[in-house]
2 protein chains.
Amino acid sequence: MRISELSRLGGVPTATVKYYLREGLLPAGRLTSATQAQYDEGHLSRLRLIRALVGPGGLSIAAVRSVLEAIDDPPESPLELLGRATEALSMEQAEGAARSRDDAGARRMVTALGWSIAESGAAIGELAAALDAIDEAQLTLLEGGVARYAEVLHGLAVEEVATVPDNSPEAAVRQVVLGTVLIEPLLLALRRLALQDAAGRRFGVSEGDAQSTGV
Amino acid sequence: MRISELSRLGGVPTATVKYYLREGLLPAGRLTSATQAQYDEGHLSRLRLIRALVGPGGLSIAAVRSVLEAIDDPPESPLELLGRATEALSMEQAEGAARSRDDAGARRMVTALGWSIAESGAAIGELAAALDAIDEAQLTLLEGGVARYAEVLHGLAVEEVATVPDNSPEAAVRQVVLGTVLIEPLLLALRRLALQDAAGRRFGVSEGDAQSTGV
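About the cut-offs
- Residues numbered from 1 in each chain as written.
- Chains lettered and ligands numbered in written order.
- Predicted model: local features only at pLDDT ≥ 70, side-chain atom pairs only at ≥ 80, totals over all residues.
- Heavy atoms only, no water.
- Helix = DSSP H or I, 4+ residues; strand = E, 2+ residues; numbered from the N terminus.
- Buried < 20%, exposed > 50% of the residue type's maximum accessible area, 1.4 Å probe, protein only.
- Contact = heavy atoms within 4.5 Å.
- Areas by Shrake-Rupley, 256 points an atom, 1.4 Å probe, with all protein chains shown as cover.
- Least-squares fit on C-alpha atoms with pLDDT ≥ 70 in both.
- Polar contact = N/O pair within 3.5 Å; in protein donor to acceptor, adjacent residues only side chain to side chain.
- 1 Å grid on protein atoms, 1.4 Å probe; cavity = no way out; pocket = protein on both sides within 12 Å on 5 of 7 lines; lining within 4 Å.
- Points joined across faces, edges and corners; volume = space filled by probe spheres on them.
- Nonpolar A, V, L, I, M, F, W, Y, C, P; charged D, E, K, R; others polar.
- Core = buried A, V, L, I, M, F, W, Y, C linked by side-chain atoms within 4.5 Å.
- Buried area = accessible area lost by both parts, 1.4 Å probe.
- Salt bridge = Lys/Arg side-chain N within 4 Å of Asp/Glu carboxyl O.

Chain A goes by MerR family transcriptional regulator in an unreviewed UniProt entry, where it is assigned to Raineyella fluvialis.

What follows is the structure, given as structure tokens:
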């Protein structure tokens, strides 16, 4: 297919497709003349993947490049593989996010939970910053506090990790990275909707509320 | 206290404090001379709140302004109150996030879950975009699919909504808005750490792994 067709099927403007080509995120097409190239299904699925990572995944072009490199050239051992995938994501977090100056409290919490985590890595700094912000805002947490959130999310994590294939490093990286970044927006959207429903139930906001005086 | 002390205790540079004053997010201090003003504990707690919303909360200045307005001038009815708080957050989402062109599938899913949600509101569009991205990337979800995430998050939402005070509209708005934006980074950080631990357990990545040949 031509670039215009690739653009249309991928749901991305032609100018953006050209940008991804220049940045090397999309491999070059097969030249059919001095000014035209042909693209195939491989280009289309790669383009859709980039769109998912940049859009809902919220990754920068540099982080997308790392993720694609990890998918294209997966390391052999599960240990290295998980490290590379996490690294690509941590890079992103280090760029964008608030970081706490002191993550000792967060490390103690993780140790108390009995979790084994990477020595370096951005997630612990993220946790420390989130805890600081909750402290500073004197936010009342649900009963059970942070440990309750940790318990629920660890339960989900075990179910999620069970979906990672162990026979193909490429498929495993893809599942770990995409499962991390693409599920995050899903979780946040579902949580906001669940909060709306739960708040409506508790405070009696119903469909007919606006007309309730007339009923 | 002077602006320098406010800046130090709030953990925010003086230039940023001045910016918040100019933007009207922080109320002006009490003038003690033509060039000096005094600030009090109220200014300090407001400054810390702004910092939490801008930093880990990731809100824009415009969204912070809406949140502060909802806190300062809370509507009377629980219905309006929740609406205003959600509106402040939706504004943010509408700015930054990928949106799906079609949210009919997401609406059907929410209906099937039995949730009552606002007719308008950005979260449904966010859900649609997240589902599109997962589809496009052909990501394998955990057993039970999206419904499993929905079930877990709704359970948490009910526990979270139970912490919202029902005797003070100001306190309720504060809890709803902060509970939404400050818990999100906590959830994501905990999930990434939980995934590290769960992946380590499944794939046998342990503390001593690097030296395991020597043991």
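Now, onward.
In terms of helices and strands, chain A carries nine helices and two strands. Ordered by position from N to C terminus, the α and β elements of chain A give α-α-β-β-α-α-α-α-α-α-α. Counting over 215 residues, chain A shows a buried share of 47%. Contacts in chain A between residues at least 24 apart in sequence constitute 56% of all its contacts with a sequence separation of at least 6. For chain A, the accessible area works out to roughly 10,300 Å², and carbon and sulfur atoms hold 50% of it.

In this section: the relation of the copies chain A and chain B. For the pair chain A and chain B, the relating rotation is 180°, the translation along its axis is 0.0 Å, and the fit reaches an RMSD of 0.1 Å. Such a combination of rotation and displacement between the chain copies is what one expects of a two-fold axis. Distance from the rotation axis, computed per C-alpha, reaches its smallest value in chain A at A:Val152: 3.8 Å. Here 100% of the interface residues in chain A have copies in chain B that are interface residues too; the copies meet face to matching face.

Residue and element names in this part refer to chain B. With respect to the secondary-structure elements, threonine 163 resides in the loop between α8 (145-161) and α9 (169-203). A sequence separation of 16 residues divides threonine 163 from glycine 179, and the C-alpha atoms of the two residues are 9.4 Å apart. At 2.5 Å, the side chain of threonine 163 and the backbone oxygen of glutamate 160 are in polar contact.

So, about empty space enclosed by the protein. Enumeration according to the criterion identifies one cavity of 30 Å³ or more in this entry. The space that makes up the largest cavity amounts to roughly 40 Å³. Lining the largest cavity, in full, are A:Leu153, A:Leu187, A:Leu188, A:Arg191, B:Leu153 and B:Leu187. The element contributing the most residues to the lining of the largest cavity is helix α9 (residues 169-203) of chain A, with three residues. Each residue belonging to the lining of the largest cavity can be placed in one class, and the counts come to five nonpolar, no polar and one charged.

Locating B:Arg191 in the fold gives a position in helix α9. By relative accessible area, which is 2% here, B:Arg191 ends up buried. Here A:Gly179 takes part through its backbone oxygen, which lies 2.9 Å from a polar atom of the side chain of B:Arg191. If near-sequence neighbours (up to four positions away) are discounted, B:Arg191 is found in contact with A:Leu153, A:Glu160, A:Gly179, A:Thr180, A:Ile183, A:Glu184 and A:Leu187.

The biggest cluster of nonpolar side chains holds 125 residues, and the ones touching the most others in it are A:Leu186, B:Leu127 and B:Leu186. With residues up to four places along the chain from it excluded, the contact list for B:Leu186 reads A:Leu127, A:Ala130, A:Leu131, A:Ile134, A:Val146 and A:Tyr149.

Glancing now at the interface of chain A and chain B. On the chain B side, the residues contacting the 83 residues of chain A number 83 residues. Both faces considered, chain A and chain B share a buried interface measuring about 8,200 Å² in area, 68% of it formed by carbon and sulfur atoms. Looking only at chain A, the three residues that lose the most surface to chain B are A:Arg191, A:Arg192 and A:Leu193, adding up to 9% of its buried area. For the pair chain A and chain B, the interface holds six salt bridges. Note that A:Arg192 is salt-bridged to B:Glu184, the shortest N-O span being 2.7 Å. Taken together, the links from chain A to chain B amount to 21 residue pairs in polar contact (both at pLDDT 80 or more). Counting only elements with at least two residues in the side of chain A that touches chain B, the list comes to α3 (41-54), α5 (78-96), α7 (123-136), α8 (145-161) and α9 of chain A. The leading source of residues in the side of chain A that touches chain B is α9(A), at 27 residues. Broken down by class, the residue content of the side of chain A that touches chain B amounts to 51 nonpolar, 13 polar and 19 charged.

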